[in-house]
Amino acid sequence: MSTSDRSLPVAVFDSGVGGLTVLHECLVSLPHEDFLYLGDTARFPYGDRTPAQLAEFARELAGILLERGAKLLVVACNSATSAALPELRSELEREIPVVGVVRPESRLAAAATRNGRVGLIATPATVKSGAYAEALAEEAPAAELHAVASAELAPLIQAGGEVDHRTLACVEGACRPLKRAQVDTVILGCTHYPLVRPVLQRELGRRVTIVSSGEAIAAEVEARLRASGVENDEHRRGEYRFLATGDPEQFRRAGTRFLQLPIGSVEHVEVAAAGPGRKAA
Ligand code: DGL
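Residues numbered from 1 in each chain as written. Predicted model: local features only at pLDDT ≥ 70, side-chain atom pairs only at ≥ 80, totals over all residues. Heavy atoms only, no water.

The strand order across the open sheet built from six strands is E4-E3-E1-E2-E9-E10, with neighbouring strands paired in parallel fashion. Each having just a single partner strand, strand E4 (98-100) and strand E10 (266-268) make up the two edges of the open sheet. Mean inter-strand twist for the sheet, computed between neighbouring axes without regard to direction, equals 20°. As paired elements, strand E3 (residues 72-75) and E4 share three bridges and run parallel to each other. Residue pairing in the sheet places Val 74 in a bridge with Val 99 of E4. (Pairing = 2+ DSSP bridges. Helix = DSSP H or I, 4+ residues; strand = E, 2+ residues; numbered from the N terminus. Axes fitted to C-alpha atoms, helices over the stretch in contact; angles between N-to-C directions.)

Structure follows, in structure tokens:
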């Protein structure tokens, strides 16, 4: 299917519902575009998986979305972007533009920091990949990156429910080393984290600038669509649809908090099983 057709949607994927924080910004900034979102809830979380698994999952999800037709692909998952963006780009960019997270937040953090000490909270897979260290070094060569890996925070947020003592303890634990390092800017290196932004801001203090990917991604999507000449007429009203690899009803319920917009029907799609014992230690 041709990807240069402006009537096609922008495709977005994540390991679960976290990427809906990115989709939210895209829907607000680009209400005239159509979007197709795929959440790999059956294989969530991605945060402790190996780079090889993440690359395999990303390729499979991109294949499902491209098969249905898309004019641009957004990898709205930091773990997948960190492990597989260069590979996905080299495989797909002749066919379709591919936009990922990591670089936009690094650019924002480089512009925001005053003392050159930047914190990062992300999944173990993202921290281990070194993708943020590399991107920040390019954006602000003199800046120091202080990275904290949390395996628990994204699953706690995705599970829903109230922000309870477990979430608070997890946020406190993640912020402690960053406060000790006196960072003045913190990158939310996981698309789930904007949901606990107030808790993080309270813990870090109001002088710390928090950056996340949503708005920067929406701006990049707009620029790439324009550069490819496939942007839609601004006077039309766009639509958005959802696919989930896990239970559609669970996706709908969990997703509404992240999207802050109505989620209609969710279609189930099958993917290869994650397989036992395939997670990274
Ligand atoms: N949204 C994913 C990310 O940005 C969540 C993490 C996970 O699946 O563990 O990395």
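Here we come to the packing of aromatic side chains. Tallied over the entire structure, the rule returns five aromatic pairs. Seen in terms of ring centroids, Tyr 37 and Phe 242 are 6.2 Å apart; in terms of plane orientation they differ by 55°. Their pairing is tilted. Taken as a pair, Tyr 37 in strand E2 (residues 35-39) and Phe 242 in strand E9 (residues 240-244) lie far apart in primary sequence, 205 residues in all. Judged by its relative accessible area of 0%, Tyr 37 falls in the buried class. Overall, the relative accessible area of 3% leaves Phe 242 in the buried class. Both rings, one in Tyr 46 and one in Phe 57, keep their centres 5.4 Å apart while their planes meet at 45°; by these two values the pair is tilted. Remark: Phe 57 occurs in helix H2 (residues 51-68) and Tyr 46 occurs in the loop between E2 and H2; sequence separation between them is eleven residues. (Phe/Tyr/Trp six-rings, centres within 6.5 Å; stacked < 30°, edge-to-face > 60°. Buried < 20%, exposed > 50% of the residue type's maximum accessible area, 1.4 Å probe, protein only.)

On to the packing of helix H1 (residues 20-29) against helix H11 (residues 248-259). Following both chains from N to C, one finds H1 and H11 inclined at 55°, their axes separated by 8 Å at the closest point. In terms of orientation, H1 and H11 fall into the oblique class. As H1 packs across H11, the resulting crossing turns out to be right-handed. Contacts between H1 and H11 pair Leu 20, Thr 21, Leu 23, His 24 and Leu 27 from the former with Phe 251, Gly 255, Phe 258 and Leu 259 from the latter. Residue composition of the contact of H1 with H11, grouped by class: six nonpolar, three polar and no charged. (Parallel < 35°, antiparallel > 145°, perpendicular 65-115°, else oblique. Left-handed = near helix turned anticlockwise from the far one by under 90°. Contact = heavy atoms within 4.5 Å. Nonpolar A, V, L, I, M, F, W, Y, C, P; charged D, E, K, R; others polar.)

Proteins that are soluble and globular tend to have nonpolar side chains buried together. In terms of nonpolar packing, the biggest core is built from 53 residues, with Leu 20, Leu 23, Val 74, Val 221, Phe 242 and Phe 251 touching the most fellow members. For Phe 251, the contacting residues outside a window of four places in its chain are Gly 16, Val 17, Leu 20, Tyr 37, Gly 39, Thr 41, Phe 242, Ala 244, Ile 263 and Val 266. One finds Ala 55, Leu 85, Leu 243 and Val 271 within the second-largest nonpolar core, a separate group that totals 30 residues. (Core = buried A, V, L, I, M, F, W, Y, C linked by side-chain atoms within 4.5 Å.)

Applying the stated criterion to the full structure yields zero disulfides. Looking at the unpaired Cys 26, the closest cysteine sulfur is the one in Cys 77, lying at 15 Å. Judged by its relative accessible area of 0%, Cys 26 is buried. With no disulfide of its own, Cys 170 lies 9.6 Å from the sulfur of Cys 175, the closest cysteine sulfur. (Disulfide = S-S within 2.5 Å.)

The subject of this paragraph is the site of the ligand. Among the 14 residues in the neighbourhood of the ligand, the closest are listed as Ser 15, Tyr 46, Gly 47, Ser 79 and Thr 191. Within the contact set of the ligand, a nitrogen atom lies 2.7 Å away from a side-chain nitrogen or oxygen of Thr 191. In this structure, His 192 approaches the ligand through a side-chain N or O atom, which is 3.2 Å from a nitrogen atom. For the ligand, whose unbound accessible area comes to 290 Å², protein coverage reaches 99%. When grouped by side-chain class, the residues that make up the shell around the ligand number six nonpolar, seven polar and one charged. (Near = heavy atom within 4 Å. Polar contact = N/O pair within 3.5 Å; in protein donor to acceptor, adjacent residues only side chain to side chain. Areas by Shrake-Rupley, 256 points an atom, 1.4 Å probe, with all protein chains shown as cover.)

You can see His 146 is positioned in strand E6 (residues 144-149). Those residues in contact with His 146, other than ones at most four positions away along the chain, are Arg 117, Val 118, Gly 119, Leu 120, Leu 178, Ala 181 and Val 183. Of note is the side chain of His 146, whose polar atom sits 2.8 Å from the side chain of Glu 144.

A cis amide bond links Phe 44 with the next residue in sequence, Pro 45, at an omega value of 0°. Here Pro 45 lies in the loop between E2 and H2. Positive phi is not limited to glycine here, since Gln 260 has a value of about 55°. Note on placement: Gln 260 falls in the loop between H11 and E10. A relative accessible area of 59% places Gln 260 in the exposed class.

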